[in-house]
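# Inside the fold
What follows is the residue order along each chain.
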Amino acid sequence: MDHLPTLAFHGAARTVTGSCMEVISGQRRLLIDCGLFQGSRTLETLNREPFPFDARSLDAVILTHAHIDHSGLLPKLVRDGYRGPIWCTGPTKDLLGHMLPDAGRIQESEAERRNRRADRADEEPVEPIYTEADALAAWRQCRSAPLDTSFEPAPALKARLWNAGHILGSASVELEVAGTRLFFSGDIGPEHKAFHPDPEGPSGIDHVVCESTYGDRFATRSASRSAAPSLSRRSRRP
Ligand SMILES: [Zn+2]
């Protein structure tokens, strides 16, 4: 008998950054996004906490897009022993080739800066959350998957990426697990951008996990971050 999948939200819940969702079905464990917490110091402290799961037990990671609040803890995940694939679109993989090593260098210089402070002279040195080498190792685990094409992120799981219309390479994730169809919007829109097709998604989904950064406000074209879910989002048959 199929097991109903369980979802666990490890970030971007009651806050905007640190997007990270775990899908558990029987023995299978998959992560959607693994983002850095950004904002207040209290929030950023969460980046140093151990993951609430064993990185080595994951079968796959699917990444919605390259923004650091969705991808920025991938190097820590790999440093903690994750050796499986990180699925994303080809353009996202290209962007990560620059963004992840850069994030690693920022973590290293941030730790160095804190360790140089005179008022910390008597304290234990701060270790970077991860290094440029960890980031490059994470990037080497990225596998590209085209939009609108089914693939198997791990045995017995079926996934498909849909254009999310957010940034270059951004995707929403359709996931079929144990007979249940799930859809993770990731950051979507805003629509009507000059060089980016509007977001799309499938119909007939059992459960949708939707980005809601702007709550019930209608995000305009000038929004600097992601948009609220739009009622005019086109729907296509899978
Ligand atoms: Zn984003």
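Notes on the structure in this doc start here.

Reading the values: rules and limits
- Throughout, a residue's number is its position along its own chain's written sequence, starting from 1.
- Local features in this predicted model are restricted to residues whose pLDDT is 70 or higher, and side-chain atom pairs enter the listing and the counts only when it is 80 or higher, whereas totals over whole chains, interfaces and linings include all residues.
- Here a strand is any run of E in DSSP of at least two residues, a helix any run of H or I of at least four, and the numbering for each starts at the N terminus.
- Residues with at least 20 neighbouring C-beta atoms inside 10 Å of their own are called buried, those with 12 or fewer are called exposed, and the rest are partly exposed, where every C-beta is derived from the backbone.
- Contact between two residues is assigned when their C-beta atoms, built from the backbone, lie within 7 Å.
- Pairing between strands requires that DSSP locate at least two bridges from one strand to the other.

Now for the overall build of the protein. Helix and strand counts for the protein come out as five helices and twelve strands. A buried classification covers 39% of the 238 residues belonging to the protein. Contacts spanning at least 24 positions in sequence make up 63% of the contacts within the protein whose residues lie at least 6 apart.

Before going further, it helps to examine the pairing of strand 9 (residues 180–184). Within a regular strand, side chains alternate between the sheet's two faces. Bridge count between strand 8 (residues 171–177) and strand 9: five bridges; the pairing is antiparallel. Paired with Val173 across the bridge in strand 9 is Phe184. Between the antiparallel neighbours strand 8 and strand 9 lie two residues, among them Ala178 with a positive phi of about 50°. Sheet topology places strand 9 next to strand 11 (residues 207–209); three bridges connect them, and they run parallel. Bridge pairing in strand 11 links Phe183 to Val208.

This part takes up unusual backbone geometry. Across the junction of Gly189 and Pro190, the peptide omega takes the value 0°, indicating a cis bond. In this fold, Pro190 is placed in the loop between strand 9 and strand 10 (200–202). The residue Asp148 is not glycine, and still its phi comes out positive at about 60°. Following the sequence through the fold, Asp148 ends up in the loop between strand 6 (142–144) and strand 7 (157–163). The exposure class assigned to Asp148 is partly exposed, which follows from the 14 C-beta atoms found within 10 Å. In this structure, Ala178 takes a positive phi of about 50° despite not being glycine. Looking at the secondary structure, you find Ala178 in the loop between strand 8 and strand 9.

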